[in-house]
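What follows is the residue order along each chain.
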Amino acid sequence: MVNPTRGMKKLPLTDATPARVLSREELIRVCAHAKEPYRTMFRIYAGTGLRLSELQNVRREDIDLKRGLLFVRSRPDTLTKTGKDRVVPVPTGLLPAFAEVIERTEGEFPFRHEDGTRRPANRLRKHLKRAAQLAEIPGWQRLRLHDLRHTYATHLAEADVNIRAIQKLGGWSSLEMVERYSNPSEGYLKEAVERLVV
């Protein structure tokens, strides 16, 4: 059998859904409209840049509240996407959220259900979209859970954090991936050109 597409020019691959980065104000509004435990999880996603699988694989021993550090570990039973460990500093404002999760949950994995099963991504996504809708966020219909990771990278970039530091914090394998994840807002770009002396 002959491949009917043989010899045809391949189309470039693109993301089906472009990232929807939330502004700081939008993120606050979305979290304000989310119910617990989702509110806390959304804040932690956006404040640490963790992937869904990484957060759900965090064990109690990986959270160091005294030093404000989160250890993302690649273990045989819970591999990270890159297969590498990393340390993520937790913003001071998120430490109480981590403490609350640890206090109100039992078991080895505080970000999973009580029985240790993972929280379904579709349920998290549904709650995120519902909160964004209630917060009247434009484009809430296309908001994805992974967009909180884009939001994390973009907020760091807009705070003039070094791109290599962003790469290390987010566990991205290359600078190209960091550039793909950080999408400066129009407001930030406008503010950047206003620094010019002309």
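The paragraphs below set out a description of the structure included in this document. Computed from a predicted structure; not experimentally measured.

Let us now look at the packing of helix α2 (residues 38-48) against helix α4 (residues 95-104). The N-to-C vectors of α2 and α4 enclose an angle of 135°; their axes lie 10 Å apart at closest approach. On the basis of the axis angle, α2 is oblique to α4. For the crossing formed where α2 meets α4, the hand is left-handed. Residues T40, R43, I44 and T48 of α2 form the contact with α4, whose participating residues are A97, F98, E100, V101 and R104. Tallied by class, residues from the contact of α2 with α4 come to 4 nonpolar, 2 polar and 3 charged.

Next up on the list: the packing of helix α6 (residues 147-158) against helix α7 (residues 163-170). A pair of packed helices is characterised by two quantities: the angle between their axes and the separation of those axes. As a packed pair, α6 and α7 sit with axes 10 Å apart at the nearest point and diverge in direction by 155°. By the angle class used here, α6 and α7 are roughly antiparallel. α6 and α7 meet at a crossing whose hand is right-handed. Here α6 contributes R149, Y152, A153, L156 and A157 to the contact with α7, which in turn contributes I166, L169 and G170. Class assignment for the residues of the contact of α6 with α7 results in 6 nonpolar, 1 polar and 1 charged.

Calculation notes
- Residues numbered from 1 in each chain as written.
- Predicted model: local features only at pLDDT ≥ 70, side-chain atom pairs only at ≥ 80, totals over all residues.
- Heavy atoms only, no water.
- Axes fitted to C-alpha atoms, helices over the stretch in contact; angles between N-to-C directions.
- Helix = DSSP H or I, 4+ residues; strand = E, 2+ residues; numbered from the N terminus.
- Parallel < 35°, antiparallel > 145°, perpendicular 65-115°, else oblique.
- Left-handed = near helix turned anticlockwise from the far one by under 90°.
- Contact = heavy atoms within 4.5 Å.
- Nonpolar A, V, L, I, M, F, W, Y, C, P; charged D, E, K, R; others polar.

These values are about where atoms sit, not about what they do.
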